[in-house]
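# Report on the structure
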Amino acid sequence: MSPRIGAIMRGELWEAFAEACEDIGCDAVLLSDGGKEAADPPTFDTIDAVVVELSEHKEAVDLAQRAQKLFLPIAGIGLEDNIQSPALEELCEVVLSSREDVAAWVQGISEREIESEKGSLTVVCGAHGAPGRTTVTLSLARELSNKSTKVVVIDADHSAPSLGFLLAVPQDIGGFQAALRSARVEGVDINTLLTPMVLVNQPKGAYRLLSAGITPWEEKSLDQKALERLLSRLVEEGFHCVLDTAAISTGTTHRMLETTAPLATHVVGITHPSDVGVTRFIRAWSVITALAPDVSAKILVRAPRKGLSLSRDAIRQTLWEYAACEAISFLDNPTARSDQAEAGASPAIRALGHEILGTREGRVTSAPNTGRISQKALSRLLPALIRKRLA
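With that settled, the discussion passes to the overall build of the protein chain. The helix and strand tally for the protein chain stands at 16 helices and 13 strands. Sorting the 391 residues of the protein chain into buried and exposed places 51% on the buried side. A sequence separation of at least 24 residues applies to 76% of the contacts in the protein chain between residues at least 6 apart. On the protein chain, roughly 18,700 Å² of surface is accessible, and the fraction owed to carbon and sulfur atoms is 49%.

This is how it looks when you write it as structure tokens:
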């Protein structure tokens, strides 16, 4: 079923846009002409996405902001290529400039709606010495459980497992080993896999936990087929799984990551903002991209608001150039303790949760387009120390 697109634009642009939507079999409705504020504000109840004309009209900006609060995907469009509207461009995930762009965007919206009915597997990873993998795993689990009843968290960190400790779950009831044994049977019932899981209640929801996993010496004999079957069955049944993994040493990986990364729908890399932290992460990230070259990837930088040795632009630009990833965000003091869950997730975690759950829960967001930075600015931004280490 084609999505229903709400349009916020003037009459002459609306006629062309409506014709383009009709050609691709998409239903479009005019919400506002973007001019004076209407007596009866339009409703978004039956709208799946919004296209707004790039302008400085206050009503257009207000309606786009309303659409964003409803987590609707928003695209911009203009009569001329050189039209700029910073207030609206900040809200738009893409700017449409042709009928081909409209068709591709509408097709993407349709595919995202289909994908939102499926489960997902998010692998959280990082380089050796980079703190924050477990913290991000728990923060993401809480965010997902606010909007979905099908969330599973798995402690797959064989070197320093800590999820069970943070959540006060005894090792003898962690459930990971029991779930793996059940997954050895082909065609295993989903309820059999869910039985050993521990239910973790949150103020606004709950998620299931598999902890007390494997030790470093057991990791070498990991039953990869059982692990693949466990994760695949959960995703097939619509569960959103978040996997906390062990640190990646320079130039090496481990069997847990080799098994799970190719199955992942999302990979989240955690890095420390220091020169050494960024350098280690870039080398570790090459291992991840080799295992899962086509996965949706995001980099989160554990960085305080003050006291950074490098500017955020410098860190973002360095990661963008060497890790080839544009989705880069910064985390400000995330907390792992469950009794602090009501403090709310950071914007980066919320955006990631929205992306995992699909269009209706949130639109895909990414870091600013660092590719627009000039070569002159580039030479000033990239730290020479990191360049030297990566040479």
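This brings us to the pairing of strand E6 (residues 120-126). Counting buried positions along E6 gives 7 out of 7 residues, so the element sits mostly inside the fold. In E6, alternate side chains face the same way, and those of Ser120, Thr122, Val124 and Gly126 on one face and Leu121, Val123 and Cys125 on the other are all buried. Summarising the sheet, E6 and strand E10 (residues 240-245) pair through 5 bridges and their orientation is parallel. Along E10, the bridge assignment pairs valine 124 with aspartate 244.

Right, let's get into the sheet that holds E6. On the basis of which strands lie adjacent, the open sheet formed by 8 strands has the order E8-E9-E7-E10-E6-E11-E12-E13 and mixed pairing. Of all the strands in the sheet, the pair left with one neighbour each is strand E8 (198-202) and strand E13 (328-331). Between one strand axis and the next, the sheet turns through 25° on average, direction left out of account. The pairing of E6 with strand E11 (residues 266-271) spans 5 bridges and is parallel. Directly across from glycine 126, in E11, lies its bridge partner isoleucine 270. Contacting E6, strand E7 (151-156), E8, strand E9 (205-210), E10, E11, strand E12 (296-302) and E13, helix H5 (residues 133-145) runs over the sheet at an angle of about 170° to E10. Sheet contacts for helix H14 (residues 347-357): E6, E10, E11, E12 and E13; angle to E12, the most-contacted strand, approximately 165°.

Right, let's get into the packing of aromatic side chains. All told, the structure shown has 2 aromatic pairs when counted by the stated rule. Between tryptophan 14 and phenylalanine 17, the aromatic rings sit 6.5 Å apart at their centres with planes inclined by 40°, giving tilted as the arrangement. Of the two residues, tryptophan 14 and phenylalanine 17 are both situated in helix H1 (residues 11-23); the distance of 3 residues between them amounts to about one turn of the helix. Pair check on accessibility: tryptophan 14 and phenylalanine 17 agree, each one buried. Judged by centre distance (5.2 Å) and plane angle (25°), the ring pair of phenylalanine 281 and tryptophan 285 falls under stacked. Residue phenylalanine 281 and its partner tryptophan 285 are both found in helix H12 (residues 275-291); the two are separated by 4 residues, about one turn of the helix. The pair phenylalanine 281 / tryptophan 285 is uniform in exposure class, with both members buried.

Attention now goes to the pattern of salt bridges. For the structure on display, the rule yields 10 salt bridges. The salt bridge involving aspartate 157 is made with arginine 133; its shortest N-O contact spans 3.5 Å. With aspartate 157 in the loop between E7 and helix H6 (163-166) and arginine 133 in helix H5, this pair connects stretches of sequence that are 24 residues apart. In terms of burial, aspartate 157 and arginine 133 fall into one category: buried. Put simply, glutamate 237 and arginine 233 hold a salt bridge, and the shortest N to O gap is 3.2 Å. The class for arginine 233 is buried, based on a relative accessible area of 17%. The network of salt bridges with shared partners includes Glu19, Asp23 and Arg99.

Once that is clear, we can look at H12. Helix length check: H12 (17 residues) gives 25 Å between terminal C-alpha atoms against 24 Å at 1.5 Å per residue, within 8%. The set of residues buried in H12 consists of Asp275, Gly277, Val278, Thr279, Phe281, Ile282, Ala284, Trp285, Val287 and Ile288.

Attention now goes to the confidence of the model for the protein chain. Looking at the protein chain as a whole, the pLDDT averages 77, with 76% of positions reaching at least 70. Note on residues 336-342: pLDDT under 50 across the span, and 13 contacts to partners over four residues away in sequence or across chains. Taken together, the stretch residues 359-383 has pLDDT below 50 and engages in 56 contacts with residues farther than four places along the chain or on a different chain.

Turning our attention to the sheet that holds strand E5 (residues 94-96). Spatially, E2-E1-E3-E4-E5 is the arrangement adopted by the 5 strands of the open sheet, whose pairing is parallel. Bordering the open sheet on either side are strand E2 (27-32) and E5, each of which pairs with just one other strand. Within the sheet, the average angular offset between the axes of one strand and its neighbour, ignoring direction, is 30°. Here 4 bridges tie strand E1 (residues 4-8) to strand E3 (residues 49-53), and the two strands are oriented parallel to one another. Across the sheet, glycine 6 pairs through a bridge with valine 50, a residue of E3. Set on the sheet, H1 makes contact with E1, E2, E3 and strand E4 (74-77); between it and E2 the angle comes to about 160°.

So, how was this worked out
Residues numbered from 1 in each chain as written. Predicted model: local features only at pLDDT ≥ 70, side-chain atom pairs only at ≥ 80, totals over all residues. Heavy atoms only, no water. Helix = DSSP H or I, 4+ residues; strand = E, 2+ residues; numbered from the N terminus. Buried < 20%, exposed > 50% of the residue type's maximum accessible area, 1.4 Å probe, protein only. Contact = heavy atoms within 4.5 Å. Areas by Shrake-Rupley, 256 points an atom, 1.4 Å probe, with all protein chains shown as cover. Pairing = 2+ DSSP bridges. Axes fitted to C-alpha atoms, helices over the stretch in contact; angles between N-to-C directions. Phe/Tyr/Trp six-rings, centres within 6.5 Å; stacked < 30°, edge-to-face > 60°. Salt bridge = Lys/Arg side-chain N within 4 Å of Asp/Glu carboxyl O. Expected span 1.5 Å × (residues − 1). pLDDT = per-residue confidence, 0-100.

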